[in-house]
2 protein chains.
Amino acid sequence: MNIPRTSFPRVVIIGGGFAGVALAKKLSKQEVQVVLIDKHNYHTFQPLLYQVSTGGLEPDSIAYPIRKILKDFPNFYFRLASVQEIDTKKNKVKTNIGDLKFDYLVVASGSKTNYFGNSEIEKYSMAMKTIPQSLNLRSLILENFEDALLTSDLNERNALMNFVIVGGGPTGVELAGALAEIKKGILPKDYPDLDTRLAQIHIVQSGDCILKGMSEKASRKAEDFLEKLGVNIWKNVRVTNYDGKTVTTDTDLTFETATLVWAAGVKGATIKGLDSEGFITRGNRILVNEFNQVKGFEHIFAIGDIACMVSEEHPYGFPMMAQPAIQQGSQLGSNLIRIIEEKPMQSFKYTDKGAMATIGRNKAVVDLKKWKFQGVFAWYIWMFVHLFFLIGFRNRMVVFVNWVYNYVRFDREARLIIRPFKRN
Amino acid sequence: MNIPRTSFPRVVIIGGGFAGVALAKKLSKQEVQVVLIDKHNYHTFQPLLYQVSTGGLEPDSIAYPIRKILKDFPNFYFRLASVQEIDTKKNKVKTNIGDLKFDYLVVASGSKTNYFGNSEIEKYSMAMKTIPQSLNLRSLILENFEDALLTSDLNERNALMNFVIVGGGPTGVELAGALAEIKKGILPKDYPDLDTRLAQIHIVQSGDCILKGMSEKASRKAEDFLEKLGVNIWKNVRVTNYDGKTVTTDTDLTFETATLVWAAGVKGATIKGLDSEGFITRGNRILVNEFNQVKGFEHIFAIGDIACMVSEEHPYGFPMMAQPAIQQGSQLGSNLIRIIEEKPMQSFKYTDKGAMATIGRNKAVVDLKKWKFQGVFAWYIWMFVHLFFLIGFRNRMVVFVNWVYNYVRFDREARLIIRPFKRN
């Protein structure tokens with residue numbers, strides 16, 4: 001892979017998400033050689049993908065070039081590549097652009113959409129885990145409205161204007177809120193010749209509440225906000241299939257829709273070589289100890305969504321979210337330095353900083369450790385925190401300009417079908 | 001096509017570019033029904049496409065939803081469709097989503113890249129007429145740098161870092177300037193393990209000067225600016241072929257390159273039904289009279305790039321640029337109102353407002369009618385004019401933020417390979 005060997009130990013990081021980038025930053029000034037491998041040349045700020053899908057933000061403003069993150073770090077290399085296999089015997093990573101030996105390996109490959117084995121849903125539904133996926137969803141939503149104008153068949157028109165979101169987690173809830181705002185503020189102006197009241201937004205949730213990772217108060221209030229926005233929430237309903245037209249469930253309920261968004265779950269994005277039974281646990285994640293070490297290895301680690309660190313408080317591992325990923329990346333950075341300095345590692349302690357979700361204009365729910373609140377103030381906090389965690393001054397400025405504009409004008413201007421989804 | 005017939009005459013506009021939008025605005029408050037058809041749901045600000053290709057701007061900031069332009073106009077309809085044929089006998093437009101009768105038809109279909117019949121160049125070269133094309137070029141440039149890291153074959157690496165631009169018009173010149181800035185400011189930081197001095201930028205120009213539509217002074221100064229930036233300009237050289245690896249010319253000169261940008265010319269984007277010999281003239285454009293009427297019809301018009309209006313001063317028609325398009329669109333709007341009011345039409349008078357081009361940071365050339373100037377002040381004027389003509393407050397703000405950021409930081413952050421070009 002054309003990377004010179006130096007006297008420094010080589011750390012190979014697979015994945016430039018929250019975990020991988022936090023680790024890289026920690027190692028930036030150390031006597032190690034770091035090779036970061038990702039199949040995209042940019043870091044994605046996943047919490048805002050739903051705003052890309054709904055035309056509120058440009059994709060470029062929530063992505064950041066990985067090379068730019070690393071540019072001031074000496075001994076850092078980035079390679080745009082897909083990892084195909086990890087050879088734990090020869091300490092080698094196999095990729096589409098060649099092999100690479102490592103002294104330390106960190107798997108930070110994240111998670112991918114979990115279809116629970118249903119290939120029809122996988123084929124016909126839309127996911128929202130990457131920027132290209134979010135752009136596809138943006139195109140599809142807009143194409144559906146254009147197509148709704150063309151048909152005189154009312155059932156077909158309804159299906160085109162019907163949005164079914166499976167999963168009542170933060171992704172599903174935030175997307176539903178944004179779609180409801182589009183229905184209210186943009187459709188009537190953009191499509192005066194269409195009865196936009198027909199546009200229906202459904203959340204289908206297998207459990208008995210939405211935002212189940214948050215407090216009961218947040219969950220109830222979010223439900224309240226969504227209902228006021230006209231979103232239909234179906235609880236204790238499990239989607240069983242979708243053939244591109246009809247959504248079936250484990251109840252009598254069915255939906256006719258041209259758009260099913262699958263936000264019902266994720267699973268670890270495992271890599272061959274570390275994907276056998278001995279390594280993998282619940283949620284397709286790699287089991288790690290309190291130092292993020294993979295079972296049986298001193299020098300192979302996993303962090304972030306792909307890692308499952310079991311503790312008393314978290315018997316199924318930490319939630320697959322940005323916070324644990326960032327903290328594990330940072331902690332592992334310190335531990336790698338300790339290993340090189342021949343000091344003992346320190347075990348990972350998770351600091352739960354809380355959770356939040358926004359539900360359309362002026363509304364959000366925030367759970368902090370000691371304080372849970374909902375409404376307008378929560379919405380400001382939500383915006384501030386997301387702006388703060390975005391990487392890069394330009395991205396923050398552009399997102400800020402967009403948010404102010406969207407807020408003042410009740411608008412979302414990025415409603416562009418740049419790459420058609422259906423018509424291609 | 002599901003559009004109700006009213007007592008108002010129906011004007012069908014094909015194309016939402018500068019000409020079509022200017023016409024639509026003029027008709028906004030008149031007693032006509034307007035149907036605007038475009039194959040994209042957005043208007044593209046083409047003069048800034050080169051900044052999308054070089055990572056300086058997000059694509060979304062130079063595109064604007066057509067529905068939003070039309071939203072306050074009563075009796076306006078937009079349809080996302082490709083026009084397949086014009087039936088001049090039955091006064092009907094045939095599209096992929098059905099037929100549409102018209103009382104007045106305005107063809108504003110613009111222009112497309114002219115490969116002068118060379119299918120190999122068409123297949124292997126990159127064009128920059130649309131947003132998807134510009135994004136493909138952005139991806140390709142970045143992918144080439146990534147690939148240059150991987151090869152130990154020096155010839156291959158050179159080819160990957162070699163950029164050949166065919167055509168020394170504004171597009172070619174502005175793209176070359178932006179690439180030279182990337183070479184200087186970004187490559188050394190992003191690719192410390194690559195000898196970025198090898199990155200070569202060539203403009204190949206068949207005539208004996210660049211920017212031949214502008215004054216001699218502007219042309220000479222632009223050449224000067226480009227040479228100072230390290231761009232190689234080859235004059236009086238005509239590219240004869242490109243097989244994806246080697247560019248051949250009508251001289252001994254050949255180039256090995258993985259990127260050929262074809263900016264050597266455009267031709268009218270004609271539509272079946274108006275594309276026969278009687279209608280078409282030089283440059284594949286539709287011949288129109290001084291009212292933009294197509295020969296033989298009282299109620300069919302062509303405006304903008306697709307229209308060729310011959311006058312003493314412009315024996316080959318007006319330049320295929322934004323200014324004539326906007327002015328013709330506006331003038332035709334007035335004339336359509338006059339027709340309906342049963343007044344005589346007024347013939348089109350072109351006001352040449354001048355031309356300008358920018359060549360990297362701090363440098364531009366501006367030709368006004370009475371004043372021609374070059375350098376930093378010209379660059380400010382260039383920026384001001386482009387910001388002013390962008391549609392939409394948000395777009396202006398976002399472009400402004402980006403330009404200030406790029407200027408202060410010597411940066412271009414949209415260097416993202418969101419849809420890989422080579423690897424797909």
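All values reported here derive from a predicted model rather than from experimental measurement. (Residues numbered from 1 in each chain as written. Chains lettered and ligands numbered in written order. Predicted model: local features only at pLDDT ≥ 70, side-chain atom pairs only at ≥ 80, totals over all residues. Heavy atoms only, no water.)

Colleague: What am I meant to see in the pattern of salt bridges here?
Modeller: It is possible for side chains bearing opposite charge to pair when their charged atoms get close. Residue and element names in this part refer to chain A. All chains considered together, the criterion is met by 38 salt bridges over all chains. With a shortest N-O distance of 3.5 Å, Asp-224 and Lys-228 are connected by a salt bridge. Of this pair, Asp-224 and Lys-228 both sit in helix H9 (residues 216-228), separated by four residues, roughly a single helical turn. (Salt bridge = Lys/Arg side-chain N within 4 Å of Asp/Glu carboxyl O. Helix = DSSP H or I, 4+ residues; strand = E, 2+ residues; numbered from the N terminus.)

Colleague: So what exactly am I meant to see when it comes to the packing of helix H1 (residues 18-26) of chain B against helix H10 (residues 322-340) of chain B here?
Modeller: Helix packing for two helices is described by the angle between their axes and how far apart those axes are. Residue and element names in this part refer to chain B. Across the interface, H1 lies against H10 with an axial gap of 7 Å and an inter-helix angle of 30 degrees. Considered as vectors, H1 and H10 are oriented roughly parallel to each other. As H1 runs across H10, the sense of the crossing is right-handed. Packed against H1, whose contacting residues are Phe-18, Ala-19, Ala-22, Leu-23 and Lys-26, the element H10 presents Ala-322, Ala-325, Ile-326, Gly-329, Ser-330, Leu-332, Gly-333, Ser-334, Leu-336 and Ile-337 at the interface. Here the residues of the contact of H1 with H10 sort into ten nonpolar, four polar and one charged. (Axes fitted to C-alpha atoms, helices over the stretch in contact; angles between N-to-C directions. Parallel < 35°, antiparallel > 145°, perpendicular 65-115°, else oblique. Left-handed = near helix turned anticlockwise from the far one by under 90°. Contact = heavy atoms within 4.5 Å. Nonpolar A, V, L, I, M, F, W, Y, C, P; charged D, E, K, R; others polar.)

Colleague: Would you explain the sheet that holds strand S14 (residues 239-242) of chain B in this entry?
Modeller: For sheets, the rule is that strands pair by backbone hydrogen bonds, running either parallel or antiparallel. Residue and element names in this part refer to chain B. Ordered in space as S14-S15-S16, the three strands form an open sheet in which the pairing is antiparallel. With one partner strand each, in any of the chains shown, S14 and strand S16 (254-256) form the two edges of the open sheet. Here the average twist between neighbouring strands, direction ignored, is 15 degrees. Direction of pairing for strand S15 (residues 246-249) relative to S16: antiparallel, over a ladder of three bridges. Bridged to Thr-246 within S16 is Glu-256. (Pairing = 2+ DSSP bridges.)

Colleague: Which parts of the structure should I look at to understand unusual backbone geometry?
Modeller: The bulk of non-glycine residues show a negative phi, and the bulk of peptide bonds are trans. With a phi close to 50 degrees, Phe-116 of chain B is a non-glycine residue in the positive phi region. Structurally, Phe-116 of chain B can be placed in the loop between strand S10 (111-113) and helix H4 (119-124).

Colleague: What's the story with a nonpolar patch on the surface in this structure? I'm lost.
Modeller: A surface patch of nonpolar side chains, about 310 Å² in accessible area, is lined by Leu-368, Trp-371 and Phe-377 of chain A. Structurally, Leu-368 of chain A is set in the loop between strand S24 (364-367) and strand S25 (372-375). (Patch = residues over 30% accessible without salt bridge, like charges linked within 9 Å, V, L, I, M, F, W, Y side chains within 5 Å. Areas by Shrake-Rupley, 256 points an atom, 1.4 Å probe, with all protein chains shown as cover.)

Colleague: Looking at this structure, how should I read the pairing of strand S11 (residues 162-166) of chain A?
Modeller: Residue and element names in this part refer to chain A. For S11, the tally of buried residues reaches five of five residues, placing the bulk of the element in the interior. Judged by which residues are buried, S11 turns out to be covered on both faces: Asn-162, Val-164 and Val-166 on one side and Phe-163 and Ile-165 on the other are all buried. Inspection of the sheet shows S11 paired to strand S12 (residues 200-204) by five bridges, in the parallel sense. Among the inter-strand pairings, Phe-163 is bridged to a residue of S12, identified as Ile-201. Bridge count between S11 and strand S17 (residues 259-262): four bridges; the pairing is parallel. (Buried < 20%, exposed > 50% of the residue type's maximum accessible area, 1.4 Å probe, protein only.)

Colleague: Would you explain the interface of chain B and chain A in this entry?
Modeller: When the parts of a complex come together, some accessible area is lost, and that lost area is often taken as the interface size. With 50 residues of chain B at the contact, the number on the chain A side is 51 residues. Both faces combined, the contact of chain B with chain A buries some 5000 Å², and carbon together with sulfur accounts for 54% of it. The largest per-residue losses of area from chain B upon contact with chain A belong to Arg-67, Arg-394 and Arg-419 of chain B, which jointly make up 16% of the total buried on that side. Summed over the shared surface of chain B and chain A, the number is 14 salt bridges. When the shortest N-O distance is used, the salt bridge between Asp-411 of chain B and Lys-68 of chain A registers 2.1 Å. At the surface where chain B touches chain A, the tally comes to 32 residue pairs in polar contact (both at pLDDT 80 or more). Of all elements in the fold, only strand S4 (63-65), helix H3 (66-70), strand S5 (76-80), helix H5 (131-150), helix H8 (187-190) and helix H12 (393-409) of chain B reach the threshold of two or more residues within the side of chain B that touches chain A. For the side of chain B that touches chain A, the leading source of residues is H5 of chain B, giving nine residues. Here the residues of the side of chain B that touches chain A are counted per class, giving 25 nonpolar, seven polar and 18 charged. (Buried area = accessible area lost by both parts, 1.4 Å probe. Polar contact = N/O pair within 3.5 Å; in protein donor to acceptor, adjacent residues only side chain to side chain.)

Colleague: I tried to follow the packing of H5 of chain B against helix H6 (residues 154-161) of chain B on my own but got confused; where do I start?
Modeller: Residue and element names in this part refer to chain B. At a minimum axis distance of 8 Å, the contact between H5 and H6 shows a crossing angle of 165 degrees. With respect to each other, H5 and H6 are oriented roughly antiparallel. For H5 against H6, the interelement crossing comes out left-handed. Contacts between H5 and H6 involve Asn-144, Phe-145, Asp-147, Ala-148 and Leu-149 from the former and Arg-157, Leu-160 and Met-161 from the latter.

Colleague: Honestly, the nonpolar core in this entry has me stumped. Any pointers?
Modeller: The tendency in soluble globular proteins is for nonpolar side chains to be buried as a group. Judged by nonpolar contacts, the single largest core of 99 residues is most densely connected at Val-11, Leu-27, Leu-70, Leu-226, Leu-336 and Val-365 of chain A. When residues in this core are grouped by element, the largest group, eight residues, is from helix H5 (residues 131-150) of chain A. Summarising the domain contributions, this core has at least three residues from each of domain 1 (10-39 + 81-113 + 266-341) and domain 2 (119-264) of chain A. Once residues within four sequence positions are removed from consideration, Val-11 of chain A is found in contact with Leu-27, Val-32, Gln-33, Val-34, Val-35, Tyr-104, Val-106 and Leu-336 of chain A. In terms of nonpolar packing, the next biggest core, distinct from the first, is built from 98 residues, Ala-108, Leu-179, Ile-210 and Val-261 of chain B among them. (Core = buried A, V, L, I, M, F, W, Y, C linked by side-chain atoms within 4.5 Å. Domains from an automatic or database assignment.)

Colleague: Whenever I open this one, the packing of aromatic side chains confuses me. Can you help?
Modeller: For any pair of aromatic rings, the description rests on two quantities: the centre-to-centre distance and the angle between the ring planes. Residue and element names in this part refer to chain B. All chains considered together, the criterion is met by 39 aromatic pairs over all chains. Centre to centre, the rings of Phe-279 and Phe-297 are 6.0 Å apart; their planes meet at 20 degrees, and the pair counts as stacked. Of this pair, Phe-279 sits in the loop between strand S18 (266-268) and strand S19 (280-281) while Phe-297 sits in the loop between strand S20 (285-288) and strand S21 (300-302), and the two are 18 residues apart along the sequence. Both residues of the pair, Phe-279 and Phe-297, count as buried. With 5.4 Å between their ring centres and 90 degrees between their planes, Phe-388 and Phe-389 make a pair best called edge-to-face. (Phe/Tyr/Trp six-rings, centres within 6.5 Å; stacked < 30°, edge-to-face > 60°.)

Colleague: Before we go on, may I ask you to explain the sheet that holds S5 of chain B in this structure?
Modeller: All names here are of chain B. Read across the open sheet, the five strands follow the order S5-S2-S1-S9-S21; overall the sheet is parallel. Lying at the two open borders of the sheet, with one neighbouring strand each, are S5 and S21. Between one strand and the next, the sheet's axes are offset by a mean angle of 15 degrees, whatever the strand orientation. One ladder, built from three bridges, connects strand S9 (residues 104-107) with S21; its direction is parallel. Across the sheet, residue Leu-105 finds its bridge partner in S21, namely Ile-300.

Colleague: Honestly, the relation of the copies chain B and chain A in this entry has me stumped. Any pointers?
Modeller: Each of the two chain copies can be generated from the other by rotation about an axis followed by a shift along it. When chain B is fitted onto chain A, the two copies agree to an RMSD of 0.0 Å after a turn of 180 degrees and an axial shift of 0.0 Å. Classification of the inter-copy transformation places it as that of a two-fold axis. Looking at the rotation axis and the C-alpha trace of chain B, the residue lying nearest is Val-398 of chain B, at 3.0 Å. The overlap is high: 100% of the interface residues of chain B also sit at the interface in chain A, so the same surface is used on both sides. (Least-squares fit on C-alpha atoms with pLDDT ≥ 70 in both.)

Colleague: I keep staring at helix H11 (residues 376-389) of chain B and nothing clicks. Help me out?
Modeller: Owing to its 3.6 residues per turn, the α-helix brings residues three or four apart onto one side. Residue and element names in this part refer to chain B. Its 14 residues give H11 an end-to-end C-alpha distance of 20 Å, which sits within 8% of 20 Å, the value for a rise of 1.5 Å per residue. The set of residues buried in H11 consists of Ala-378, Trp-379, Trp-382, Met-383, His-386 and Leu-387. For H11, the angular spread of the buried residues around the axis is 170 degrees, confining them to a single face. Away from its buried face, by an angle of more than 90 degrees, H11 presents the exposed residues Phe-384 and Phe-388. Elements that come into contact with the buried residues of H11 comprise helix H2 (49-53), helix H7 (170-185), strand S23 (355-358), strand S24 (364-367), strand S25 (372-375) and H12. (Expected span 1.5 Å × (residues − 1). Arc of directions from axis to C-beta.)

Colleague: How should H7 of chain B be read in this particular structure?
Modeller: All names here are of chain B. Helix length check: H7, at 16 residues, gives a terminal C-alpha distance of 22 Å against a target of 22 Å (1.5 Å per residue), a fit within 8%. With twelve of 16 residues buried, H7 lies mostly within the body of the structure. Listed as buried for H7 are Gly-172, Val-173, Glu-174, Leu-175, Ala-176, Gly-177, Ala-178, Leu-179, Ala-180, Glu-181, Ile-182 and Gly-185.

Colleague: When you look at the domain arrangement of chain A in this model, what are you seeing that I'm missing?
Modeller: Here chain A is described as being made up of domain 1 (10-39 + 81-113 + 266-341) and domain 2 (119-264). For domain 1 of chain A and domain 2 of chain A, the distance between their C-alpha centres works out to 34 Å.

Colleague: Would you take a moment to explain the environment of Met-397 of chain A for this structure?
Modeller: Residue and element names in this part refer to chain A. Looking at the secondary structure, you find Met-397 in helix H12 (residues 393-409). Looking at Met-397, the relative accessible area reads 28%, which means it is partly exposed. The spatial distance from the C-alpha of Met-397 to the C-alpha of Leu-387 is 8.7 Å, given a sequence separation of ten residues.

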